[in-house]
Amino acid sequence: MTSFTPSFVPAALLKDWLHDGAEIAVFDVREHGQYGEAHLFYGVTLPYSRLELDIPRLAPRRDARVVVYDTEATVAVQAAERLAALGYTNVHVLENGTQGWQQAGYALFAGVNVPSKTFGELVEMAYHTPRVTARELAAMRERGDDVVILDGRPVNEYLKMTIPSSICCPNGELGYRIRELVPNPQTPIVVNCAGRTRSIIGAQTLINLGIPNPVMALENGTQGWYLEDLPLEHGSTRRYPDAVTPSSVAQMREASGALAERFAVPEIDADTFAQWAADSSRSLFLCDVRTPEEFAAGTLPGAQHTPGGQLIQATDQYVGVRHARLVLFDNDGVRAPIVASWLRQLGHDASVLRDGLNSGVSLAATTAAFDITLPEIDAATLAASMANGSVSVVDVRPSMSYRKEHIPGAQWAIRPQLPQLAGTQNIVLVADERGVAELFVADWRRAHPGDTRTFSLLAGGFKAWTAAGQPGASTPDLPPDAECIDYLFFVHDRHDGNKAAARQYLAWETGLLAQLDDQERGAFRIGEQAAPVAK
């Protein structure tokens, strides 16, 4: 077996790479909780527990320049070895991890989606986006003013909590559906989210489109509302109408086109896309910015579902390569140009696909890489085997899922911290995704080459266990917080009545700008500066 020798890159060189204009993917391979506590500004979260599952989507080109890191360059070395085994040929490890980065004088950032969050603050500063406080909006509602409140978050977030009377319309849908939602051009519009970014971007989107209505962002979103002791709604189901009239589409397509021209958004045809898809020197992402329902009903081969508002709000969840080509499409000619106008201001090389869904283009699919080795066992057989003591159960679901409920006697485990597996010869794993379990077992076998244990997978996961009428156990404090490396406690209770957590989060968001250095700040292209990005 050939030994693996990692290529280490010192912090100063990585800093140069990040700003040399060439493609680069920088992945934080610690688990999500560790990542959220302190990471590089351009670090994309790629937990080692999911590495082979997510890397093909985030960095589809195998010879792209890739740098992985952790806290001290330990798990990152394992990650680099696994990427090399997958065929990635230009992989490096940040020397001494985040500790080395900080020692070199560079900043670390807490939280998630930091470039996008920072962008929201810069947009508000540059455009002077109008805003309304929670108290001012509450007074408008109490007076019975004619005002429409639009919540710019996805439906699943809207269901958790929202401003009373608000309507769910994710930011990516605002420009497309606004005339159906607010037919009167004189009605004031307030856009909110949970905090700040999507409130600002949503409101400024409508303003950039030339909507005649007075438009405002709700300052600090639902958190600001709650901090003023105003009641939130939970489980609300108001949302945008599915149908958009042809006259509204035509009107907004014209506005979207003007926006694309203002921000020099390129439009490419199918032939150009085919040339880009064949270009082995550049990474290419094909992004369907429509709704989940539209995407599920049919999309272009090789496209990734990237809801428009979320692609702006959390670009790093969909695109792992800086300076890659992003090609956006829809089926209406309205949504993709709007989203692209923001991505270009974020500093991305974003284009719009002419004819969108009807263009006929395709991109080679990127698939998760793991071997299927685990046989399955059903809940009844597992219960019987546990009763006679012939199996042990290892739960590799998220730590918070385990805390909430798990199979009695099951041991919680996670791939980067392989546990001691005491007990029986037969191990049954419980997982939400087969791939997570397969990767765990593959690492276990590499770490214990002489171990003869047999591993299998609970068919249907924990849901199948409870559906079969089997009992569950709850351990709210186990695993202890220190072991829950996959969970970001930094933001976890800001929506659950903890005002201190909400204040901390808002202070973090507004404080991001002060952490930027000149190169990080200069990479954004707010306003008409977006024009020079095209290559």
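Residues numbered from 1 in each chain as written. Predicted model: local features only at pLDDT ≥ 70, side-chain atom pairs only at ≥ 80, totals over all residues. Heavy atoms only, no water.

**Q** Could you give an account of the UniProt feature "domain: Rhodanese" (unreviewed entry) in the protein chain, naming the residues involved and the relevant values?
**A** Under the UniProt annotation, "domain: Rhodanese" (unreviewed entry) lies at residues 20-110, 143-234, 288-369 and 387-474. As annotated, residues 20-110 comprises 36% helix and 15% strand, and the C-alpha atoms at either end are separated by 25 Å. For residues 143-234, the helix share is 40%, the strand share is 15%, and the end-to-end C-alpha distance is 23 Å. (UniProt positions renumbered as here; feature names shortened; annotations may be inferred. Helix = DSSP H or I, 4+ residues; strand = E, 2+ residues; numbered from the N terminus.)

**Q** So what's going on with the pattern of salt bridges? Residues and values would help.
**A** For the coordinates displayed, the defined rule picks out 38 salt bridges. Of the charged contacts in the structure, one is a salt bridge between Asp-28 and Arg-30, with a shortest N-O distance of 2.6 Å. With relative accessibility at 8%, the residue Arg-30 sits in the buried group. The residue Asp-288 makes a salt bridge to Arg-290 at a minimum N-O spacing of 2.8 Å. (Salt bridge = Lys/Arg side-chain N within 4 Å of Asp/Glu carboxyl O. Buried < 20%, exposed > 50% of the residue type's maximum accessible area, 1.4 Å probe, protein only.)

**Q** I'd love a proper account of helix H1 (residues 11-18), names of residues and values included.
**A** All of the buried residues in H1 are Ala-11, Leu-14, Lys-15, Trp-17 and Leu-18. Along the axis of H1, the buried positions cluster into a sector of 160°, meaning they face one direction only. On the buried face of H1, the contacting elements are strand E1 (8-9), strand E2 (25-28), strand E4 (66-69), strand E5 (91-94), helix H5 (97-103) and helix H22 (518-522). (Arc of directions from axis to C-beta. Contact = heavy atoms within 4.5 Å.)

**Q** Lay out helix H16 (residues 335-345) with the relevant residues and their values.
**A** Counting buried residues along H16, 11 of its 11 residues qualify, which places the element largely inside the surrounding structure. Turning to H16, its buried residues are Arg-335, Ala-336, Pro-337, Ile-338, Val-339, Ala-340, Ser-341, Trp-342, Leu-343, Arg-344 and Gln-345. Looking at the residues trailing H16, positive phi occurs at Gly-347, about 105°.

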